[in-house]
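# Coordinates in review
Here is what each chain is made of, one letter per residue.
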Amino acid sequence: MSDPAWLSGVTGPAGPELSCEQCFEELDRYVELELSGASADAEIPGMRAHLEGCPACHEDHESLLALVAAERAPGD
Ligand SMILES: [Zn+2]
């Protein structure tokens, strides 16, 4: 069953939003882009909207970001 158009138009995010599956597939790339200073949101539209609305993916993103950032931090 799909949402009626009026419902998704009213409650949906402003832009396209990814599914959890798509989010998971793009998460590595998204984090890479974020850390490289690229426009991650422009490269992967809908990602931020999904992360903000999905606690599970939000947490995945936080841990991956911390992990990759730690790997890249200059060892001292
Ligand atoms: Zn999700």
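Our subject in this report is the structure included herewith. (Residues numbered from 1 in each chain as written. Predicted model: local features only at pLDDT ≥ 70, side-chain atom pairs only at ≥ 80, totals over all residues. Heavy atoms only, no water.)

### Examining the overall build of the protein
When its secondary structure is counted, the protein shows five helices and zero strands. Counting from the amino terminus, the protein carries its helices and strands in the arrangement α-α-α-α-α. Here the protein holds 76 residues, and the buried ones make up 22% of them. In the protein, the proportion of contacts linking residues at least 24 apart, taken out of those at least 6 apart, comes to 63%. Counting every atom, the protein has about 5400 Å² of accessible surface; 55% of that belongs to carbon and sulfur. (Helix = DSSP H or I, 4+ residues; strand = E, 2+ residues; numbered from the N terminus. Buried < 20%, exposed > 50% of the residue type's maximum accessible area, 1.4 Å probe, protein only. Contact = heavy atoms within 4.5 Å. Areas by Shrake-Rupley, 256 points an atom, 1.4 Å probe, with all protein chains shown as cover.)

### Observations concerning the pattern of salt bridges
Applying the stated criterion across every chain yields a total of four salt bridges. Here Glu 26 and Arg 29 are joined by a salt bridge, their closest N and O atoms 3.2 Å apart. Placement of both Glu 26 and Arg 29 in helix α2 (residues 20–36) is noted, with a separation of three residues, approximately one turn of the helix. Of the charged contacts in the structure, one is a salt bridge between Asp 41 and Arg 48, with a shortest N-O distance of 3.0 Å. (Salt bridge = Lys/Arg side-chain N within 4 Å of Asp/Glu carboxyl O.)

### Side note on the coordination of the zinc ion
Note on metal geometry: ideal angles are 109.5 degrees for four donors arranged tetrahedrally and 90 or 180 degrees for six donors arranged octahedrally. The protein atoms that coordinate the zinc ion are Cys 20 (SG), His 50 (NE2), Cys 54 (SG) and Cys 57 (SG), at distances of 2.0 to 2.3 Å. Geometry at the zinc ion is tetrahedral, judged from its four donor atoms and the angles of 102 to 117 degrees they form at the metal. The exposure class of Cys 54 is buried, given its relative accessible area of 12%. (Donors = N, O, S within 2.8 Å, 3.2 Å for Na, K, Ca; no water. Tetrahedral: all angles 85-135°; square planar, octahedral: opposite > 155°, others 65-115°.)

### Points about the nonpolar core
Ranked by size, the top nonpolar core spans 14 residues in total, and within it Cys 23, Tyr 30, Ile 44, Met 47, Leu 51, Cys 57 and Leu 64 carry the most contacts. It is α2 that provides the largest number of residues to this core, a total of five residues. Sequence-distant contacts of Leu 64, defined by excluding residues within four places in its chain, comprise Leu 27, Asp 28 and Val 31. (Core = buried A, V, L, I, M, F, W, Y, C linked by side-chain atoms within 4.5 Å.)

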